[in-house]
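Structural overview for review
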Amino acid sequence: MEAIKHPRLKYLREDLLPHTFCPGCGIGQLMNYLAKALDDLSAEGKIDLDKVVMVTGVGCAARLPIFMNFECIHGIHGRELAYASGIKLANPKLHVIAVLGDGAAANIGGNHFIQACRRNIGVTTIVINNRIFAMTGGEVAATTPKGVVTSTSPYGNIERPFDLCKLADAAGASFIARWTTAHPFQLINTLKKAITHKGFSLVEVISQCVTYYGRRVYGVDDPAVLWKKLKEESVPIEQAREISPEDLEKKIIVGEFKAEVRPTFEEEYYNMLKKITGGR
């Protein structure tokens, strides 16, 4: 009897399995959610899967596109959006999906992040935020909450963390959302919107890190417990408006924050070329 395969296994590179994520890591969950979103969009006739290109760099999150069965560029740390912008400008018909960790987005790649937002270039950016540098030893990151003990903040982090969604909004991104790995249905629905959005879209995904963040912050390495904590700490944007800033300080505000339609960078670029060349 022929073995029954998972319906979304076709979106993975089977020859590279098993993947290298720690047991219980949220990145594996997100890979499933992204495959589901792409599968739905393809079935609905909204995208051509042969026109999907993924871009990634270095870090735990950067491993996700490597295991997915799409064209992929595996570049250097923090430069993912530079590659992605070049691909989108070269061929605007492609669906370019950049997968970054919070370190690539807010630390080493921070300037690329705000410039891509500012230009409103048509790239879907998924930032997997585990709030720590997990691949290199659990160091403090630009998204690590204040007071958290890491390998490089043994007395507690004294720096104020970036709110990536607020940063993207201030910089000019036209689609902004945040969910956690504990919101699978909402996240899949938002990913579908982000991938088909005209302009720069940010989907921040707060993800559990069992190996470092979970052990250091919560003192547990059970992914089910960490997953439950993400759900408990989350507050929908509608409710957050009624809660004081002090009470929100240690909460994760989730939802879709922004969805605007305006000219994209690639549209402006090619319109400029037409004027220069007389329409050729």
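Residues numbered from 1 in each chain as written. Predicted model: local features only at pLDDT ≥ 70, side-chain atom pairs only at ≥ 80, totals over all residues. Heavy atoms only, no water.

Going by an unreviewed UniProt entry, the chain carries the name Thiamine pyrophosphate-dependent enzyme and comes from Thermococcus aggregans.

Some details on the overall build of the chain
The condition that has to hold: Helix numbering and strand numbering both begin at the N terminus, where a helix is a DSSP run of H or I of at least 4 residues and a strand a DSSP run of E of at least 2. All radius of gyration figures rest on C-alpha atoms, and the globule criterion is 2.2 Å times the number of residues raised to 0.38. Burial status follows relative accessibility: with a 1.4 Å probe on protein chains alone, a residue under 20% of its type maximum counts as buried, one over 50% as exposed, and anything between as partly exposed.
The helix and strand inventory of the chain stands at 11 helices and 8 strands. Against the globule reference of 19 Å for 280 residues, the chain gives a C-alpha radius of gyration of 19 Å, in line with a compact fold. Viewed in the frame of its principal axes, the chain has a C-alpha envelope of about 65 × 55 × 35 Å. Counting over 280 residues, the chain shows a buried share of 49%.

What to know about the side chain of threonine 181
The line we're drawing: Whether two residues are in contact is decided by their heavy atoms, any of which lying within 4.5 Å being enough.
Secondary-structure assignment places threonine 181 in the loop between β5 (175–180) and α6 (184–196). We classify threonine 181 as buried; its relative accessible area is 1%. When near neighbours in sequence (up to four residues on either side) are disregarded, threonine 181 contacts Gly26, Gln29, Tyr33, Val205, Ile206, Ser207, Gln208, Trp227 and Leu230.

A short note on the sheet that holds strand β4 (residues 123–129)
We count it as follows: Any two strands are treated as partners once DSSP identifies two or more bridges connecting them. Between N-to-C directions, angles span 0 to 180 degrees; the directions come from axes that are lines fitted to C-alpha atoms, helices contributing only their stretch in contact.
Spatially, the 8 strands line up as an open sheet ordered β2-β1-β3-β4-β6-β5-β8-β7, and their pairing is mixed. Strands at the two margins of the open sheet, each flanked by one partner only, are β2 (71–74) and β7 (234–236). Each strand axis lies, on average, 20 degrees off the axis of its neighbour in the sheet, ignoring direction. Where strand β1 (residues 52–56) lies against β2, 4 bridges are found, and the strand directions are parallel. From the neighbouring strand, threonine 56 faces β2, where its bridge partner is histidine 74. The strands touched by helix α1 (residues 26–43) within the sheet are β1, β3 (95–101), β4 and β6 (201–206), with β4 carrying the most contacts at an inclination of about 155 degrees. Against the sheet, helix α5 (residues 164–171) contacts β4, β5, β6 and β8 (252–259), and its axis sits at roughly 175 degrees relative to β5.

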